Amino acid sequence: ASIPSRKYEAKEMYKSALNIRTDIFGKEHIQVSNTMNNYGLLLFELCEYKAAKELLLDAFNIRQKIFNGNNYNNLHPLLAESLSNLAYWEYHQGSLSESITLYEQALAMRKKIFQSNVIVTNTCLQLSAAYYKQRNITKAVQYAEEAYTMRLDLLGELHADSLAAKKALEFLNDKVSALQSRKQLEQQERRAGGRVVLEQGMAEGSLVIGEDAMENH
């Protein structure tokens, strides 16, 4: 069977599993929220975005109710996972402000839980990508630097994840250098009354940063 057909088979399995677990445990149970979360991610891959969002949001709401008490105080890896997944959905729908807000909430929670952890670096890179798309290069560099520094400490400089973070940071720093050079040339042109020929051609590049380097969702 092809990969698409397998995903549609998985969709039917998730649907059945969700119904069974809801019947057994009731809706507000952690197992139900886990199935909802995974089912929602699969529907996202199948481009069923509205249904995916509903499931991801339901999973988040259930988890929030569960982890609001019992000494969790709204602080749990699964709750952070839900925030990150909702941010991922918003990012790919082009809702960058909403995505950034959710990613920052997920990052703050993960830092409290894990402090220094590869999952934390993933969220940093996702934030970097979102800020880059929003044309906030300063914030994009800030989060890419944080991810790279943390991965160096955790994994060493030769690990694939460290190299990916380095690639992302180099990409952003190249953009910063290009923007600074263009700004300097524009200032020279204004001082010369518009008579300076801009000899250094600069490719603008895409506003969408390479997702292979920036995202580890």
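Model, not experiment: these values are computed from the prediction.

The helix and strand inventory of the protein chain stands at nine helices and zero strands. Reading the protein chain from its N end, one meets helices and strands in the order α-α-α-α-α-α-α-α-α. Going through the 217 residues of the protein chain one by one, you find that 35% of them count as buried. Long-range pairs, those at least 24 residues apart, make up 60% of the contacts in the protein chain with a sequence separation of at least 6.

This part takes up the packing of aromatic side chains. According to the stated counting rule, one finds five aromatic pairs in the structure shown. For the pair Tyr14 and Tyr39, a centre-to-centre distance of 6.0 Å together with 15 degrees between the ring planes defines the contact as stacked. With Tyr14 in helix α1 (residues 3-25) and Tyr39 in helix α2 (residues 30-45), this pair connects stretches of sequence that are 25 residues apart. An aromatic cluster is present here, built from Phe44, Tyr49 and Tyr88 joined pairwise through their rings. The residue whose ring lies beneath Lys53 is Trp89, and the NZ or CZ to ring-centre distance is 4.4 Å. The side chain of Lys133 reaches across the aromatic face of Tyr91, ending 4.4 Å from its centre.

Okay, the nonpolar core next. By size, the foremost hydrophobic cluster in this structure holds 50 residues, and its most contacted members are Met36, Leu127 and Leu172. For this core, the elements supplying multiple residues, two or more each, are α2, α3 (49-67), α4 (77-92), α5 (96-114), α6 (118-133), α7 (137-155) and α8 (160-191).

Located in the positive-phi region is Gln115, a residue other than glycine, with phi close to 65 degrees. The exposed category is assigned to Gln115, whose relative accessible area is 62%. A positive phi angle, close to 70 degrees, is found at Arg135, a residue other than glycine. With respect to the helices and strands, the residue Arg135 is situated in the loop between α6 and α7. Look at Arg135 and you get exposed, because its relative accessible area is 63%.

Close contact between α4 and α5 brings their axes to 8 Å; oriented N to C, the two are set at 160 degrees. Looking at the two axes, α4 sits roughly antiparallel to α5. For α4 against α5, the interelement crossing comes out left-handed. For the pair formed by α4 and α5, the contact residues are Pro77, Leu79, Ala80, Glu81, Leu83, Ser84, Leu86, Ala87, Tyr88, Glu90 and Tyr91 on the first element and Leu96, Glu98, Ser99, Leu102, Tyr103, Gln105, Ala106, Met109, Arg110, Ile113 and Phe114 on the second. When the residues that make up the contact of α4 with α5 are grouped by side-chain class, the tally is 15 nonpolar, three polar and four charged.

This paragraph deals with the packing of α7 against α8. Orientation of α7 relative to α8, taken along the N-to-C sense of each, is 155 degrees, at an axis distance of 9 Å. Put simply, α7 runs roughly antiparallel to α8. Here α7 runs over α8; the crossing is left-handed. Each of Ile137, Ala140, Val141, Ala144, Glu145, Tyr148, Arg151, Leu152 and Leu155 in α7 lies in contact with α8, whose residues at this interface are Asp161, Ser162, Ala164, Ala165, Lys166, Leu169, Leu172, Asn173, Lys175 and Val176. Residue composition of the contact of α7 with α8, by class: twelve nonpolar, two polar and five charged.

With respect to the helices, strands and loops of the structure, Leu42 is situated in helix α2. Overall, the relative accessible area of 8% leaves Leu42 in the buried class. Taking the C-alpha atoms as reference points, Leu42 and Tyr14, separated by 28 residues in sequence, lie 9.0 Å from one another.

Below, the discussion takes up the side chain of His76. Looking at the element boundaries, His76 is found in the loop between α3 and α4. Those residues in contact with His76 that lie beyond four places of it in its chain are Phe67, Met109 and Ile113.

To continue, consider α3. Taking 1.5 Å of rise per residue, the 19 residues of α3 would be expected to cover 27 Å, and the 27 Å separating its terminal C-alpha atoms lies within 8% of that figure. Residues Ala52, Leu55, Leu56, Ala59, Phe60, Ile62, Arg63 and Phe67 constitute the buried set of α3. The arc that holds every buried residue of α3, seen down its axis, measures 165 degrees, which confines them to one face. Residues Lys50 and Lys65 are exposed on α3 and point more than 90 degrees away from its buried face. Looking at the buried residues of α3, the elements they touch are α1, α2 and α4.

The rules behind these values
Residues numbered from 1 in each chain as written. Predicted model: local features only at pLDDT ≥ 70, side-chain atom pairs only at ≥ 80, totals over all residues. Heavy atoms only, no water. Helix = DSSP H or I, 4+ residues; strand = E, 2+ residues; numbered from the N terminus. Buried < 20%, exposed > 50% of the residue type's maximum accessible area, 1.4 Å probe, protein only. Contact = heavy atoms within 4.5 Å. Phe/Tyr/Trp six-rings, centres within 6.5 Å; stacked < 30°, edge-to-face > 60°. Lys NZ or Arg CZ within 6 Å of the ring centre and 35° of its normal. Core = buried A, V, L, I, M, F, W, Y, C linked by side-chain atoms within 4.5 Å. Axes fitted to C-alpha atoms, helices over the stretch in contact; angles between N-to-C directions. Parallel < 35°, antiparallel > 145°, perpendicular 65-115°, else oblique. Left-handed = near helix turned anticlockwise from the far one by under 90°. Nonpolar A, V, L, I, M, F, W, Y, C, P; charged D, E, K, R; others polar. Expected span 1.5 Å × (residues − 1). Arc of directions from axis to C-beta.

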